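What follows is each chain in one-letter form.
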Amino acid sequence: MSEPQAKRKGVGRRRFLLTMLAGTGALVVCGAVRGGAEQLSRAEPSDIDGAFKPNAFITITPDNRVLFALTKAEMGQGVMTGMAMLVAEELEVAVDSIEVFFADSLPKYSAIDTHGTGGSASIVGGFVSLRQVAAAARTMLIAAAAQKWGVAASDLRAEQGRVVEAAGTRSAAYGELVDLARDQEVPQEPVIKQREDFAVIGKPVPRIDSRVKVTGTAEFGIDLRVANMTRAVMIHPPRPGETVISFDAAEAKGMAGVIDVVQTPRGVGVVAEKYWQAQRAAASVTVEWSTTVGDFSTEVLRAELEASKRANARVVRDDGDVDTAMSGTVIEAVYEAPFLAHAPMEPLNALAHVVDDTCEIWAGNQGPGLLQEAVARALDIKRTNVLVHTPYLGGSFGRRSHPDAVLEAAWLSKAVGRPVQVIWSRENDTRAGYYRPQCHTRMRAALVDGTVTAMTADAQSQSIMADLDMGALMPVAIPPRIRKWVMGNASRLIASNAVLADVLATEGISNHGYAVANQRVTYTPFATPFKCSWWRSVGHSFNGFIVESFIDELAHMAEEDPVAFRRGMLAERPRWLAVLNAVAEMSGWGKTELAEGTGRGVAVVEAFGSFAAQVVEARVEHGEIKVDRVFCALDCGIAVNPDLVAAQIEGSVIFGLTAALWGEITAQQGRVQQGNFDTYRMMRMHESPEIQIELLDGPHEPGGVGEPAVAPVAGALANAVYAAVGVRLRRMPLQRAYDEWSARQGTPKA
Amino acid sequence: MKLKVNGEDRDVDVPADVPLLWVLREELGLTGTKFGCGRALCGACTVHVDGAARRSCVVAVGDVAGQAITTIEGLGSDEKLHPLQAAWVEHNVPQCGYCQPGQLMMAAALVRKHPQPSDAQIDAVMSGSICRCGTYPRIRKAIHAVAGTPTGAPESGES
Ligand code: FES
Ligand code: FES
């Protein structure tokens, strides 16, 4: 999902100018404005009389309030604090004085990249463009003071929410300048600070959303209430793709509080005044389902992938002459990873209110535009007649970029004529699909005198891109004719693998950092009844495991130390080398001895524009893999907020370990075997390792932070297990792979 | 049915077997207590009943009528945070924040029993509360940070 930074910057600037021209006229109303209006709209916190609004994002009031409209989803990654820091830096105000609010899905906000959150790209994308937005406001406030005092703007500076005269004693609070500021010319190229002048960026500023989150007052989607609302429980198809043939809700309809029981394109919705009423009623509904899916099973799929001739393979990378070079000692290994659910702590939910040809939505999401597009299509209404409000997200990890729960709420609201809040059970959430793809990848390499002379990867995984709604992902500016064509054809072209390859499937495997003269990577997609999705770190989540395990195997074959072996292959890659060396140093690699039975494993990746190296210390105790310590060195360029970066690394390590050790979604006869946290295991406090972090301070602009540190964990852990007990685990989840190995040895768990 | 929640008497008209969680959230508008699993597996819904931590998703409201129920809204106030809440802010504990009311209620019960909990005691009590964002290292730090500070005062309305 990440794009080259230069391109992003260029777009940012061009769009910045457009914002200025677009003006800021918001519709100020009580309740949503419907029909007739260009865009369904509601009053926003920034609709304040007499305020100065240099652009859609920043509002400064006569009484010195500073408001900032956040177009990114705060799902735990700290984007609210990070973006407020960028504003504070250029606007010269205190971070905690900024009132941040979540922007609605209005076109005026589309000026700074997309109104969507993902790809660890928010800070990367906003680092220049958002600072320009704030710098424009600052420049106009300074110009206003210059006019007021009859002095040159160059004699003035901004500090702590005031414009100050450098030589004299005059100063004015921003609020005093709003009327004059409004009339100043909008700077076409606002000057932003150089790195040496940063006063906020790079500081461990406290999160600004902590207080509401510790007092229970932060509003997540599930907490939202609107007048006359109802709640709904969804009865989803037991197997993906099945539809309702008939259902019997006679008993349910007579139960307390039940409003209606409604068939939708995805199962049956039970709508009641209260959630607990809907829940009770749902238990008495019986549904007859179509049986179109057959007995899809993940174990059968594994066998098919192992046997596959990969007739549909597409060459993604081909350097040198692999066929000639693949001789001498050839090592081959197959790695596998399972489907995974995202399991955000807040189960998916959505509140929708359909009135005539409009729909208002309140739901945690990673892309309001995606929801608008999907709802507009589902209800056959105009996209501008769909208004999306984005509250705090109780986790997402990619899952809330899909509109399924929102569509259910919209269908049900349309049916009952009232606002409906759909709340999924944990079981709904685990079984509803959009999984991280299952994959099977065959690696081969030739070793000559300890040097890797050739390497191939034959990857098979379900294509995320073929499953995505490509039409909805496109910017609104793309003409409907083209959008329609893409909708109709993109998925098919990607699925066929002949014209477009899924770049996400091989990220991290087709562009690893290791110097190998002869390399070939092929990719073969497959389809299942499940839909697949990005899942925190996307292709890197399995390719990091595959590449880093295989490199480790090669190091052992070459009888070299795994860190030294990697160093040799990364000689031309300074940023890779730097994090590798840092993590080796901090973990005492090759220096300090570990307790008998404990092993160290290393891994290093580049993902989302950042470089992450990890060392895991692990052992096996009574058949259980235990992780004691994890060391991580990260180069994410400028760390806007080092403490929040550290928090993301901690979270990424634990998220990655959960998946590496236990995570799997399996299907038998089409049914998902996992449901709640007893069958879909999460890492808990007592299992969570000590985590040590070092951030490498480089001259580079920010890289992504929310995902890169997920990518190396599984590989480093598998390598640590090998170092500890000499067992090479090539399949995730590793605990299952270890159990199967033990069973084969006839040594049952103690 | 009469309930005593955060020191206030509240009347609710629901069947006795409705889970306390949904009574708090939907009848009383106390949405700080979260739904995560509905089966006592995650701890997001943790509240105190007469000072003891309970999973409100599996507690029938009728069973706690008349007992002192404390939710996150009653643990501290925005003006005067509970020392644990203050430590949580200080250590930048929350990420998405969804699990944190439950984590805090669990930690509050822990430090009342063990004002200076060991790592093993923290593990034993806190392992029932899942944090998908992985804030465990910071939760541990924050709990240690308040160790020894007075946190054992009776909760508002507790008998
Ligand atoms: S919701 Fe009660 S323990 Fe998970
Ligand atoms: S902070 Fe997100 S689940 Fe704990």
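Residues numbered from 1 in each chain as written. Chains lettered and ligands numbered in written order. Predicted model: local features only at pLDDT ≥ 70, side-chain atom pairs only at ≥ 80, totals over all residues. Heavy atoms only, no water.

Run through the overall build of chain B, naming residues and quoting values.
Secondary structure summary: chain B contains six helices and five strands in total. Along chain B, from the amino end to the carboxyl end, the secondary structure elements read β-β-α-β-β-β-α-α-α-α-α. Across its three principal axes, chain B shows a C-alpha extent of roughly 40 × 30 × 25 Å. Going through the 159 residues of chain B one by one, you find that 60% of them count as buried. Long-range pairs, those at least 24 residues apart, make up 62% of the contacts in chain B between residues at least 6 apart in sequence. Surface summary for chain B: the accessible area is close to 5,500 Å², and the carbon and sulfur share equals 50%. Charge separation in chain B, taken as the distance between the mean sites of 15 positive and 17 negative side-chain charges, equals 8 Å. (Helix = DSSP H or I, 4+ residues; strand = E, 2+ residues; numbered from the N terminus. Buried < 20%, exposed > 50% of the residue type's maximum accessible area, 1.4 Å probe, protein only. Contact = heavy atoms within 4.5 Å. Areas by Shrake-Rupley, 256 points an atom, 1.4 Å probe, with all protein chains shown as cover. Lys, Arg positive; Asp, Glu negative; His and termini not counted. Charge placed at Lys NZ, Arg CZ, Asp CG, Glu CD.)

Tell me about the environment of Thr-81 of chain A, and please be specific about residues and values.
Residue and element names in this part refer to chain A. On the secondary structure map, Thr-81 appears in helix H2 (residues 79-91). Accessibility expressed as a relative area gives 0% for Thr-81, which makes it buried. Residues Thr-81 and Ala-457 lie 376 residues apart in sequence; the distance between their C-alpha atoms is 41 Å.

Run through the side chain of Ser-587 of chain A, naming residues and quoting values.
Residues and elements named next belong to chain A. Within the secondary structure layout, Ser-587 lies in helix H18 (residues 574-587). With a relative accessible area of 3%, Ser-587 lands in the buried category. Of note is the side chain of Ser-587, whose polar atom sits 2.8 Å from the backbone oxygen of Val-583. Apart from the residues within four sequence positions on either side, Ser-587 is in contact with Thr-592, Arg-600, Val-615, Glu-617 and Phe-631. (Polar contact = N/O pair within 3.5 Å; in protein donor to acceptor, adjacent residues only side chain to side chain.)

Residues and numbers for the pairing of strand S21 (residues 598-607) of chain A, please.
All names here are of chain A. Taking burial as the measure, the 10 residues of S21 include nine buried ones, the bulk of the element. The sheet contact formed by S21 and strand S22 (residues 610-621) spans 10 bridges and is antiparallel. Looking across to S22, one finds that Val-602 is bridged to Val-615. (Pairing = 2+ DSSP bridges.)

How would you summarise the side chain of Lys-193 of chain A if you had to cite specific residues and measurements?
All names here are of chain A. Position of Lys-193 among the secondary structure elements: in the loop between helix H4 (178-182) and helix H5 (210-214). Residue Lys-193 is classed as buried on the basis of its relative accessible area of 15%. In contact with Lys-193, not counting residues within four places along its chain, are Glu-89, Glu-90, Glu-92, Arg-131 and Phe-198.

Lay out the interface of chain B and chain A in plain terms, naming residues and giving numbers.
Facing the 51 residues of chain B at the interface are 60 residues of chain A. With a closest N to O distance of 3.7 Å, Glu-427 of chain A and Arg-39 of chain B form a salt bridge. The biggest single contributor to the side of chain B that touches chain A is helix H6 (residues 136-146) of chain B, with five residues. Considered class by class, the residues forming the side of chain B that touches chain A number 25 nonpolar, 13 polar and 13 charged. (Salt bridge = Lys/Arg side-chain N within 4 Å of Asp/Glu carboxyl O. Nonpolar A, V, L, I, M, F, W, Y, C, P; charged D, E, K, R; others polar.)

An account of the packing of aromatic side chains is needed here, citing residue identities and associated values.
Considering all chains together, one arrives at 19 aromatic pairs over all chains under this definition. For the ring pair Trp-22 of chain B and Phe-35 of chain B, a centre distance of 5.2 Å and an interplane angle of 55° mean the geometry is tilted. Separated by 13 residues along the polypeptide, Trp-22 of chain B in helix H1 (residues 20-27) and Phe-35 of chain B in the loop between H1 and strand S3 (46-49) bring together distant segments of the chain. Taken together, the ring pairs in this structure connect Phe-102, Phe-220 and Tyr-392 of chain A together with Tyr-98 of chain B into an aromatic cluster. Lying over the aromatic face of Tyr-722 of chain A, Arg-728 of chain A brings its terminal NZ or CZ to 4.4 Å of the ring centre. Taking the ring centre of Phe-397 of chain A as reference, the NZ or CZ of Arg-132 of chain B above it sits at 5.7 Å. (Phe/Tyr/Trp six-rings, centres within 6.5 Å; stacked < 30°, edge-to-face > 60°. Lys NZ or Arg CZ within 6 Å of the ring centre and 35° of its normal.)

So what's going on with unusual backbone geometry? Residues and values would help.
The linkage connecting Met-732 of chain A with the following residue, Pro-733 of chain A, adopts the cis geometry, with an omega of 0°. The backbone of Asn-6 of chain B shows a phi angle near 50°, a positive value even though the residue is not glycine. Residue position: Asn-6 of chain B is located in the loop between strand S1 (2-5) and strand S2 (8-11).

Talk me through the sheet that holds strand S5 (residues 162-165) of chain A; I want residue IDs and the actual numbers.
All names here are of chain A. Taken together, the three strands give an open sheet; going across it, the order is S4-S5-S6, and neighbouring strands pair in antiparallel fashion. The sheet terminates laterally at strand S4 (156-159) and strand S6 (171-173), the two strands that pair on one side only. Here the average twist between neighbouring strands, direction ignored, is 20°. The pairing of S5 with S6 spans three bridges and is antiparallel. Within S6, the position partnered with Arg-162 by the bridge is Ala-173. Packed on one face of the sheet, helix H3 (residues 122-149) meets S4, S5 and S6 and runs near 130° to S4. (Axes fitted to C-alpha atoms, helices over the stretch in contact; angles between N-to-C directions.)

Account for empty space enclosed by the protein, naming residues and giving values.
A water-sized probe rolled over the atoms picks out the places where empty space is left. Residue and element names in this part refer to chain A. The final tally for this structure, using the stated rule, is 10 cavities of 30 Å³ or more. Estimated volume of the largest cavity: approximately 100 Å³. For the largest cavity, the lining is made up of 13 residues, of which Arg-302, Pro-338, Gln-438, Glu-664 and Arg-731 are closest to its centre. For the lining of the largest cavity, the elements supplying multiple residues, two or more each, are helix H8 (298-307) and strand S13 (329-337). The element that contributes the greatest number of residues to the lining of the largest cavity is H8, accounting for three residues. Looking at the lining of the largest cavity residue by residue, the classes come out as five nonpolar, three polar and five charged. (1 Å grid on protein atoms, 1.4 Å probe; cavity = no way out; pocket = protein on both sides within 12 Å on 5 of 7 lines; lining within 4 Å. Points joined across faces, edges and corners; volume = space filled by probe spheres on them.)

The values are spatial; any link to function lies outside them.
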